[in-house]
Amino acid sequence: MTKVGFIGLGIMGRPMAINIINAGHEVIAFDVFPTAIEPVIEAGGTAAASCAEVASNSEIVITMVQDGPQAEAAIAGEGGALEGASPGDLIVDMSSIAPGVSQRIGEACEKASVGFIDAPVSGGEPFAISGDLAIMVGGKADLFERAKPMFDIVGKSSVLCGEVGAGNVTKLANQIVVGANIHGLAEALALATKAGVNPETVVDAIKGGLAGSNVMNAKGPMMYERNFTAGFRIELHQKDINNAMETARELGISLPVTSNLQQVLTSLVEKGYGKEDHSGILHYVEENTGVEVEKF
């Protein structure tokens, strides 16, 4: 049994922490919203009063927060995990943040002789609940191996992608591909609907060919059934694409598809769709085409 600290018990962190408890490990948890901890306590976890307290009672600390500023505060800020961590401890940031921020956090951890890896995930709430997340890791190989038993609990795959920051570079690549696929799928179903072809039939017909993907399997039915209950919110996808564009600017490269996706997501957030699932990119396409997609 490992003593695991868990900071950030939102839509993703909560089921991940519960899966670790159910696997037989001791979990001490903290969230800035006290009510978020309640399901974890009910599952057998223990509440802490701060990030520092989490780290002082854990061998491995996992953070799962919204973005870079929150991750930096939770780990390296006042009352953060580094204040409670001991030399030789390991901090695993599973948040999706800008790679440069991961590297900055990693440097702070190194100065304190605390191990650090960035390990963002893909799969959204359904895979967080089922323990089937895909995990992209940046850091040293020995630290990756040390964290792997936890990765095997919360995910179906974990890949070491390079040094600290490489996990989040890979996650940004993932989010570009996912977002572009959802946008393309939305346009394809709008075209089919306008032409009088059932969008459900179109998905069934093409999902076995080259166009088929996990994105189509998951998001196609949500679109034609008009179910936009969030598994992964538009506002979070916007955050990731903003980080992708920030990283692209730092690297001096042009990403026109990603730039367009950023505009689409920003428009949807401004119109009040931010809390919906990112399959709701369909709303943007429908407003531009005047076509409402629904199976018939």
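As the structure is a computational prediction, the values presented were derived from the model and not from experiment.

A.B. asks: When you look at the overall build of the protein in this model, what are you seeing that I'm missing?
C.D. replies: Looking only at helices and strands, the protein features 14 helices and nine strands. Dimensions of the protein, computed from C-alpha atoms along their principal axes, come out at roughly 65 × 45 × 35 Å. Out of the 296 residues belonging to the protein, those deemed buried represent 52%. Long-range contacts, defined here as pairs at least 24 residues apart, represent 67% of the contacts in the protein between residues at least 6 apart. Total accessible area computed for the protein in this model is approximately 12,900 Å², and 53% of it derives from carbon and sulfur atoms. Side-chain charges in the protein split into 19 positive and 36 negative, and the spacing between the mean points of these groups amounts to 4 Å.

A.B. asks: Is there a simple way to explain the pattern of salt bridges in this structure?
C.D. replies: Any two side chains of opposite charge can pair, given that their charged atoms come close. Counted by the stated rule, this structure contains 10 salt bridges. The salt bridge partner of Lys207 is Asp204, with a shortest N-O separation of 3.5 Å. Judged by its relative accessible area of 42%, Lys207 falls in the partly exposed class. The salt bridge partner of Lys271 is Glu287, with a shortest N-O separation of 2.7 Å. Of this pair, Lys271 sits in the loop between α13 (256-270) and α14 (281-289) while Glu287 sits in helix α14, placing them 16 residues apart in sequence. Relative accessible area serves as the criterion here: at 42%, Glu287 is assigned to the partly exposed category.

A.B. asks: I'm lost on the packing of helix α9 (residues 166-194) against α14 in this one. Help?
C.D. replies: For any two helices packed against each other, the geometry is given by the interaxial angle and the distance between the axes. The contact between α9 and α14 brings their axes to 9 Å, and the two run at 40°. Considering the angle they form, α9 stands oblique to α14. As for how α9 packs across α14, the hand of that crossing is right-handed. The segment α9 lies against α14, with Gly179, Ile182, His183, Ala186, Glu187 and Ala190 engaging Ile281, Leu282, Tyr284, Val285 and Thr289. Of the residues in the contact of α9 with α14, the class split is seven nonpolar, three polar and one charged.

A.B. asks: Honestly, helix α4 (residues 68-76) in this entry has me stumped. Any pointers?
C.D. replies: For an α-helix, 3.6 residues make a turn, and residues three or four places apart therefore share a direction. Buried within α4 we find Gly68, Ala71, Ala74 and Ile75. Burial along α4 is one-sided: seen end-on, the buried residues are contained in an arc of 135°.

A.B. asks: For this particular structure, what's the right way to read the side chain of Asp67?
C.D. replies: Along the chain, Asp67 turns up in the loop between β4 (60-63) and α4. Buried Asp67, no salt bridge; nearest opposite-charge side chain is Lys239, N-O distance 4.8 Å. Engagement of the side chain of Asp67 in a polar contact is seen with the side chain of Asn243, the distance being 3.3 Å. Ignoring anything within four residues of it in the chain, the contact list for Asp67 reads Ser96, Ile97, Lys239 and Asn243.

A.B. asks: What am I meant to see in unusual backbone geometry here?
C.D. replies: Residues other than glycine predominantly adopt negative phi, and peptide bonds predominantly adopt the trans conformation. Despite not being glycine, Ser113 shows a phi value in the positive range, around 60°. Topologically, Ser113 is positioned in the loop between α6 (99-111) and β6 (115-118).

A.B. asks: Please clarify how the packing of α9 against helix α12 (residues 234-251) should be interpreted in this entry.
C.D. replies: Between α9 and α12, whose axes approach to 9 Å, the crossing angle comes to 120°. The angle between α9 and α12 falls in the class oblique. Note on packing geometry: the crossing formed by α9 with α12 is left-handed. On the side of α9, the interface is formed by Lys171, Leu172, Gln175, Ile176, Val178 and Gly179, while α12 contributes His237, Asp240, Ile241, Asn243, Ala244 and Thr247. Among the residues forming the contact of α9 with α12, the class breakdown is five nonpolar, five polar and two charged.

A.B. asks: I tried to follow the nonpolar core on my own but got confused; where do I start?
C.D. replies: One recurring pattern in soluble globular proteins is that nonpolar side chains are buried together. Of all hydrophobic cores here, the largest spans 33 residues; its most connected members are Phe6, Val92, Met94 and Phe151. Of all elements in the fold, only β1 (3-7), α1 (13-22), β2 (26-30), β4, β5 (90-93), β8 (133-138) and α8 (141-154) reach the threshold of two or more residues within this core. With seven residues, α8 is the single largest residue contributor to this core. Met94 has contacts with Met16, Ile62, Thr63, Met64, Ala119, Pro120, Val121, Ile135, Phe151 and Val154, leaving out every residue within four places of it along the chain. Among the nonpolar cores identified, the runner-up in size contains 25 residues, and Ile182, Val202, Ile241 and Leu261 belong to it.

Parameters and conventions
- Residues numbered from 1 in each chain as written.
- Predicted model: local features only at pLDDT ≥ 70, side-chain atom pairs only at ≥ 80, totals over all residues.
- Heavy atoms only, no water.
- Helix = DSSP H or I, 4+ residues; strand = E, 2+ residues; numbered from the N terminus.
- Buried < 20%, exposed > 50% of the residue type's maximum accessible area, 1.4 Å probe, protein only.
- Contact = heavy atoms within 4.5 Å.
- Areas by Shrake-Rupley, 256 points an atom, 1.4 Å probe, with all protein chains shown as cover.
- Lys, Arg positive; Asp, Glu negative; His and termini not counted.
- Charge placed at Lys NZ, Arg CZ, Asp CG, Glu CD.
- Salt bridge = Lys/Arg side-chain N within 4 Å of Asp/Glu carboxyl O.
- Axes fitted to C-alpha atoms, helices over the stretch in contact; angles between N-to-C directions.
- Parallel < 35°, antiparallel > 145°, perpendicular 65-115°, else oblique.
- Left-handed = near helix turned anticlockwise from the far one by under 90°.
- Nonpolar A, V, L, I, M, F, W, Y, C, P; charged D, E, K, R; others polar.
- Arc of directions from axis to C-beta.
- Polar contact = N/O pair within 3.5 Å; in protein donor to acceptor, adjacent residues only side chain to side chain.
- Core = buried A, V, L, I, M, F, W, Y, C linked by side-chain atoms within 4.5 Å.

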